[in-house]
Amino acid sequence: MLPIAMITGALTHKWVSHLSFLTPYLLFVMLLLTFCKISFKDIRFHPAHAWLLLIQLAGSIGLYYIILSFDPVIAQGAMLCILIPTATAAAVITGMLGGNVGFLTTYVLFCNVAVAIAAPVYFSLTGMHKELTFIQSVWYICQKVFPILIFPLFVAIALRYWIPKIHKTLLSIPQLAFYLWVAALTIVTGNTVNFMINQHNPDYRTETGLLIVSLILCCLQFMTGRRIGRHYGDPVSSGQGLGQKNTILGIWMAQTYLHPLTAIAPAGYILWQNIINSWQLYKKGKKRND
């Protein structure tokens with residue numbers, strides 16, 4: 001479905017791009033479905049969570065300032081590739097690879113909350129809303145980011161304890177999240193392609209740089225996460241937690257708060273992380289068969 005969704009979005013970009021207003025609503029529902037699966041009494045903070053969060057929060061803004069003098073757009077793309085929270089589907093891959101699903105699910109919750117707090121500040125530092133003061137810019141972005149990343153958590157808690165019938169109904173249709181993901185991926189791909197085609201002065205150097213940076217950072221985050229996890233006896237969970245990103249959220253953030261061309265970085269990340277996941281699953285299956 002990954003190539004089908006992306007190809008469909010690219011081929012129908014003229015029409016699909018008009019549906020971009022649906023993306024935040026799709027993201028909200030996908031996160032709601034994820035948080036509904038979490039049993040909050042089973043949440044346990046692990047020391048590895050702290051290291052992964054530190055890399056996401058400090059590494060993203062640090063790398064932005066390192067690259068800023070070379071190319072501001074590539075710097076934004078690099079920041080986004082590290083800052084994006086863990087994908088909601090990462091728990092599934094973690095389970096297939098033999099990792100700790102509880103560890104990963106808990107980290108999805110922690111990093112979404114952390115990114116919801118950090119993203120408005122980081123995006124304001126990039127100076128994209130120059131007509132606003134720093135505080136005004138942070139507040140403006142908070143009003144957009146918080147409802148998508150934090151409100152689904154509150155709604156999930158409310159449904160679990162106050163409207164359990166709806167909560168059970170949502171859990172009974174796990175395929176819903178998959179179809180929403182396909183729809184969101186199609187829309188954000190179409191929106192990205194539409195912007196690239198309609199550029200007045202296309203900058204292929206920057207576009208190529210964004211793809212290369214996303215590849216390097218994807219590989220580094222999987223390897224760094226696994227190295228941290230190996231220290232605690234679970235390389236798979238930490239590797240997926242740091243390496244597998246909610247790239248649809250990243251593309252939406254780029255198109256909404258950063259230079260629109262920055263969306264190429266998380267779009268490329270989609271391809272790289274799925275290649276890595278496929279390779280890991282292949283190795284796991286081959287080892288099982290042997």
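Note that this is a predicted model, so its numbers are computed, not measured. (Residues numbered from 1 in each chain as written. Predicted model: local features only at pLDDT ≥ 70, side-chain atom pairs only at ≥ 80, totals over all residues. Heavy atoms only, no water.)

Asker: So what's going on with the overall build of the protein chain? Which residues, and what values?
Answerer: Helix and strand counts for the protein chain come out as 15 helices and 0 strands. The C-alpha radius of gyration computed for the protein chain amounts to 18 Å, which stays within 12% of the reference 19 Å derived for 290 residues, consistent with globular compactness. Taken along the three principal axes of its C-alpha coordinates, the protein chain extends 50 × 45 × 40 Å. Across the 290 residues that make up the protein chain, the buried fraction comes to 51%. Partitioning the intrachain contacts of the protein chain with sequence separation of at least 6 by distance along the chain shows that 81% fall at a separation of at least 24. A total of about 14100 Å² of accessible surface is found on the protein chain, and carbon and sulfur atoms cover 69% of it. Charged side chains in the protein chain number 19 positive and 7 negative. The centres of these two groups are separated by 12 Å. (Helix = DSSP H or I, 4+ residues; strand = E, 2+ residues; numbered from the N terminus. Rg over C-alpha atoms; globule rule 2.2 N^0.38 Å. Buried < 20%, exposed > 50% of the residue type's maximum accessible area, 1.4 Å probe, protein only. Contact = heavy atoms within 4.5 Å. Areas by Shrake-Rupley, 256 points an atom, 1.4 Å probe, with all protein chains shown as cover. Lys, Arg positive; Asp, Glu negative; His and termini not counted. Charge placed at Lys NZ, Arg CZ, Asp CG, Glu CD.)

Asker: Can you explain a nonpolar patch on the surface? Please cite residues and give values.
Answerer: Side chains of Phe 151, Phe 154, Ile 157, Tyr 161, Trp 162, Ile 163 and Ile 166 sit close together on the surface and give an oily, nonpolar patch of about 780 Å² of accessible area. Relative to the assigned elements, Ile 163 resides in the loop between α9 (151-162) and α10 (164-171). (Patch = residues over 30% accessible without salt bridge, like charges linked within 9 Å, V, L, I, M, F, W, Y side chains within 5 Å. Salt bridge = Lys/Arg side-chain N within 4 Å of Asp/Glu carboxyl O.)

Asker: Which residues make up the environment of His 49, and what values do they have?
Answerer: For His 49, the position within the fold is in helix α4 (residues 47-68). Along the chain, His 49 and Tyr 257 lie 208 residues apart, while their C-alpha atoms are 27 Å from each other. If near-sequence neighbours (up to four positions away) are discounted, His 49 is found in contact with Arg 44, Phe 103, Thr 106, Tyr 107 and Phe 110. A polar contact is formed between the side chain of His 49 and the backbone oxygen of Phe 103, at a distance of 3.1 Å. (Polar contact = N/O pair within 3.5 Å; in protein donor to acceptor, adjacent residues only side chain to side chain.)

Asker: Explain the packing of aromatic side chains to me, and be specific about the residues and the numbers.
Answerer: Going through the model one piece at a time under the given rule, you end up with 4 aromatic pairs. Seen from their ring centres, Phe 123 and Tyr 257 are 5.8 Å apart, and the 20° between their planes marks the pair as stacked. Linking Phe 123 in helix α7 (residues 101-125) with Tyr 257 in helix α14 (residues 247-257), this pair joins segments that are 134 residues apart in sequence. Phe 123 sits in the buried class, given a relative accessible area of 0%. One aromatic cluster is present, formed by Phe 123, Trp 252 and Tyr 257 through successive ring pairs. (Phe/Tyr/Trp six-rings, centres within 6.5 Å; stacked < 30°, edge-to-face > 60°.)

Asker: Describe in detail the environment of Val 108, supporting the description with residues and values.
Answerer: Among the structural elements, Val 108 can be located in helix α7. The class for Val 108 is buried, based on a relative accessible area of 2%. With residues up to four places along the chain from it excluded, the contact list for Val 108 reads Thr 34, Thr 86 and Ala 87.

Asker: Describe α14, listing the residues and the values that go with them.
Answerer: Across the 11 residues that make up α14, a large majority, 9, are buried. Taken together, the buried positions of α14 are occupied by Thr 247, Ile 248, Leu 249, Gly 250, Ile 251, Trp 252, Met 253, Ala 254 and Tyr 257. Looking at the buried residues of α14, the elements they touch are α3 (23-36), α5 (72-83), α7, α8 (134-149), α11 (175-197) and α15 (264-289).

Asker: Explain the packing of α11 against α14 to me, using residue names and the numbers behind them.
Answerer: Between α11 and α14, the shortest axis-to-axis distance is 10 Å and the interhelical angle comes to 35°. Considering only the axes of α11 and α14, their crossing is left-handed. Residue-level inspection shows Trp 181, Ala 184, Leu 185, Val 188, Asn 191 and Thr 192 of α11 in contact with α14, the latter providing Ile 248, Ile 251 and Gln 255. For the contact of α11 with α14, a count of residues per class yields 6 nonpolar, 3 polar and no charged. (Axes fitted to C-alpha atoms, helices over the stretch in contact; angles between N-to-C directions. Left-handed = near helix turned anticlockwise from the far one by under 90°. Nonpolar A, V, L, I, M, F, W, Y, C, P; charged D, E, K, R; others polar.)

Asker: So what's going on with the state of the cysteines? Which residues, and what values?
Answerer: Using the criterion set out here, one finds 0 disulfides in the structure. Sulfur of Cys 111: no disulfide; nearest cysteine sulfur belongs to Cys 81 and is 15 Å away. This cysteine, Cys 218, is not joined by any disulfide, and Cys 219 carries the nearest cysteine sulfur, 5.6 Å off. (Disulfide = S-S within 2.5 Å.)

Asker: Talk me through the pattern of salt bridges; I want residue IDs and the actual numbers.
Answerer: Within the structure shown, the criterion is met by 1 salt bridge. Put simply, Arg 205 and Asp 71 hold a salt bridge, and the shortest N to O gap is 3.3 Å. Residue Arg 205 is found in helix α12 (residues 204-231), and its partner Asp 71 is found in the loop between α4 and α5; the two are separated by 134 residues along the sequence.

Asker: Could you give an account of a positive patch on the surface, with specific residues and numbers?
Answerer: A cluster of basic residues, Lys 283, Lys 284, Lys 287 and Arg 288, forms a positive patch at the surface. If you trace the backbone, Lys 283 turns up in helix α15.

Asker: Quick one: what's the story with the nonpolar core, residue by residue and with numbers?
Answerer: Grouped together as the largest cluster of nonpolar side chains are 69 residues, with contacts concentrated most on Phe 123, Leu 149 and Met 253. Take this core: its biggest share by element is 9 residues, from α5. Counting 9 residues, the second largest nonpolar core, distinct from the first, contains Phe 103, Tyr 107, Ala 114 and Leu 242. (Core = buried A, V, L, I, M, F, W, Y, C linked by side-chain atoms within 4.5 Å.)

Asker: Explain α12 residue by residue, including any values.
Answerer: Taking 1.5 Å per residue, 28 residues should reach 40 Å; α12 reaches 41 Å between its end C-alpha atoms and fits that length. Phi for Gly 233, located one or two positions after α12, is positive at around 85°. (Expected span 1.5 Å × (residues − 1).)

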